[in-house]
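What follows is the residue order along each chain.
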Amino acid sequence: MTVVGLDDTDSRERGMCTTYVAAEIGKRLRRAGATVSRLLLVRLNPAVKYKTRGNAALAIHTDADPDLAFDVARERLETLAEATDERTNPGLAVAADEPAAVPDDVQAFTRLAIRDHLEIDDATALLDRHGYRSWHVGDGRGRIGAVAAVGAWPTLEEWTYEYISYRAPERWGTPRTVDDESVFAAADWGYPTVWDTVDRGEDEPVCVPHTPGPILHGIRGDDPDVVREVAARIESEPVVSSQLFVTNQGTDVHLREGTLESVVDGRAYRVDGRVASEPETRRGGHVFVDLESVADGDDSTGDEPARLACAAFEPTKRFRDRVRTLRVGDRITACGECSQGTLKLEKFAVRDLVTTERVTPTCPDCGRTMKSAGRNQGYRCRDCETDAPGKAERSLERDLEVGWYEVPPCARRHIAKPLVRGGFDAPIHPEQ
Ligand code: ATP
């Protein structure tokens, strides 16, 4: 078997899309008589600054001879990649390996590419060590994603599907003609096996990109037949080709377990903490709230708890209302990427809600608020001469429940797991 990995073919301004290049390579290989068993669409670390958009890398699994696969892939990349953009640095790696038997160090490289930052030299060292055929343009940064895609199949445990439909080349860069009503109807038909097709709260399709590339729409879900059927139900301009991808989208595989003490920029985490500030809406509509670490029973160290700012940015829309509802003292698990010392929230789980607050007591006779009777002397109603030893507890109505809350589909990162997919450790409150 042969595994072809490729990355970094598109430019923000001019379009193109590495999924399209991979689909074209698959087509040529089939035309040459080879079998293509699957195409992988692997999302790498979303915090990588070199990414054009979604940090995708692609792999093709085929029984084609490695030399033929290399020649076909190179020809397609040379023809299609937007390499005139200096920020586009295509890379190709071809391994004469069984997809499931890629060497351990290549698998470890894939894990790091999803959760950490790598250097071009890290990729070239593996290419040399394993004698993989490779090719690149520019600085060849794309070889990082290409090698990571080669290692993905045995490395990742959870897979989902995306069925991508492509536009006629003469239409690329022009407005897309897609019937929204049919998108919503198809999305309803396929939900919840198919997710993130539309955003019902924002009343907009999210499966149709706004960028100039070749994609007409991409349907994501847990079942290959259902994503295909949902795509077929959408009425639109002509679809000239389509391709099913096996992907790590919607899996949360970028998240690592962390603590508030240990987070560093450029990685994504799942961290536990206690809400330590009232949520604050700042200019631009971004909502910020601080989390602090919770002592594990031993307060004798006297150390200040670690603190981390968390943010729900304006594009996360109604998710910000959830964050605004948090109160000091709530215990949560927060998920997101750490950037400039701030965790960019993708989802959070309420573990424990504060349900009472301490207030100045009211007089049991006249119902008015009591006044302080002096330092450490409790409260008193001067008119009725009643008193109370200290503050009273009042129960709080909370608009949040225990369980997971998430950004809406319109703000979802490709790799982030929608709650509706299940498998979470608490009740879920999915966005549709
Ligand atoms: P495209 O459709 O072109 O693939 P994209 O949004 O996926 O667009 P790229 O243009 O591929 O982004 O840019 C990402 C670049 O970063 C690639 O060159 C890839 O090899 C590299 N890269 C990916 N993950 C890492 C990582 N963890 N560390 C360092 N570089 C990385």
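Not measured: the values here are computed from a predicted model.

K.L.:
It is not clear to me how the domain arrangement of the protein chain should be interpreted in this structure. Could you clarify?
P.N.:
Much of the literature gives interface size as the accessible area that the parts lose upon coming together. Domain boundaries assigned for the protein chain yield domain 1 (2–155), domain 2 (160–247), domain 3 (255–355 + 397–429) and domain 4 (356–395). For domain 1 versus domain 4, the separation of C-alpha centres amounts to 70 Å.

K.L.:
Please clarify how the site of the ligand should be interpreted in this entry.
P.N.:
Every one of the 22 residues lining the ligand counts as a neighbour, but D8, D10, T52, R53 and A56 are closest to it. At a separation of 3.0 Å, an oxygen atom of the ligand approaches a polar backbone atom of N55. G145 is positioned with one of its backbone polar atoms (N or O) 2.9 Å from an oxygen atom of the ligand. In isolation the ligand has 620 Å² of accessible area, and contact with the protein removes 98% of it.

K.L.:
Would you take a moment to explain helix 1 (residues 18–31) for this structure?
P.N.:
One turn of an α-helix holds 3.6 residues; hence residues three or four places apart share an orientation. In this model helix 1 runs 20 Å from its N-terminal to its C-terminal C-alpha over 14 residues, within 8% of the 20 Å that 1.5 Å per residue would give. Counting buried residues along helix 1, 10 of its 14 residues qualify, which places the element largely inside the surrounding structure. Looking only at helix 1, the buried set comprises T18, T19, Y20, V21, A22, A23, E24, I25, G26 and L29. A positive phi of about 95 degrees marks G33, the residue just after helix 1.

K.L.:
I would appreciate a short explanation of the nonpolar core in the present structure.
P.N.:
Inside soluble globular proteins, nonpolar side chains tend to come together where they are buried. The biggest cluster of nonpolar side chains holds 31 residues, and the ones touching the most others in it are V4, L6, I25, L29, I60, L92 and F245. Contributions of two or more residues to this core are made by strand 1 (2–7), helix 1, strand 2 (36–43), strand 3 (56–62), helix 2 (66–80), strand 4 (91–95) and strand 6 (160–166). Both domain 1 (2–155) and domain 2 (160–247) contribute no fewer than three residues apiece to this core. Among all residues touching L6, those that are not within four sequence positions of it are T18, V21, A22, I25, A57, L58, I60, L77, G91 and A146. Counting 30 residues, the second largest nonpolar core, distinct from the first, contains L118, A123, L127 and I144.

K.L.:
It is not clear to me how the sheet that holds strand 6 should be interpreted in this structure. Could you clarify?
P.N.:
Sheet strands line up and pair through hydrogen bonds in the backbone, either parallel or antiparallel. Strand order in the open sheet formed by 9 strands is 5-4-1-3-2-11-6-10-7, with mixed pairing between adjacent strands. Looking along the sheet, the strands with just one partner apiece sit at the ends: strand 5 (133–136) and strand 7 (194–195). In this sheet, strand 10 (residues 215–221) lies alongside strand 7 in antiparallel orientation, the contact comprising 2 bridges. In the sheet register, V194 faces strand 10, and the bridge partner there is G221.

K.L.:
How do you make sense of a negative patch on the surface when you look at a structure like this?
P.N.:
Judged by side-chain charge, D179, D180, E181, D203, E204 and E235 come together as a negatively charged surface patch. Mapped onto the elements, D179 comes out in the loop between strand 6 and helix 7 (180–190). By relative accessible area, D179 is classed as partly exposed at 33%.

K.L.:
Is there a simple way to think about the pattern of salt bridges in this case?
P.N.:
Side chains carrying opposite charge are able to pair once their charged atoms draw close together. For the structure on display, the rule yields 37 salt bridges. When the shortest N-O distance is used, the salt bridge between D188 and R200 registers 2.7 Å. Separated by 12 residues along the polypeptide, D188 in helix 7 and R200 in the loop between strand 8 (198–199) and strand 9 (204–205) bring together distant segments of the chain. What makes D188 partly exposed here is its relative accessible area of 46%. Judged by relative accessible area, R200 falls into the partly exposed class, the value being 26%. With a shortest N-O distance of 3.3 Å, E346 and R413 are connected by a salt bridge. You can see E346 sitting in strand 18 (residues 342–352) and its partner R413 sitting in the loop between strand 24 (403–406) and strand 25 (428–429), a full 67 residues away along the chain.

Rules used in this analysis
Residues numbered from 1 in each chain as written. Predicted model: local features only at pLDDT ≥ 70, side-chain atom pairs only at ≥ 80, totals over all residues. Heavy atoms only, no water. Domains from an automatic or database assignment. Near = heavy atom within 4 Å. Polar contact = N/O pair within 3.5 Å; in protein donor to acceptor, adjacent residues only side chain to side chain. Areas by Shrake-Rupley, 256 points an atom, 1.4 Å probe, with all protein chains shown as cover. Helix = DSSP H or I, 4+ residues; strand = E, 2+ residues; numbered from the N terminus. Expected span 1.5 Å × (residues − 1). Buried < 20%, exposed > 50% of the residue type's maximum accessible area, 1.4 Å probe, protein only. Core = buried A, V, L, I, M, F, W, Y, C linked by side-chain atoms within 4.5 Å. Contact = heavy atoms within 4.5 Å. Pairing = 2+ DSSP bridges. Patch = residues over 30% accessible without salt bridge, like charges linked within 9 Å, V, L, I, M, F, W, Y side chains within 5 Å. Salt bridge = Lys/Arg side-chain N within 4 Å of Asp/Glu carboxyl O. Lys, Arg positive; Asp, Glu negative; His and termini not counted. Charge placed at Lys NZ, Arg CZ, Asp CG, Glu CD.

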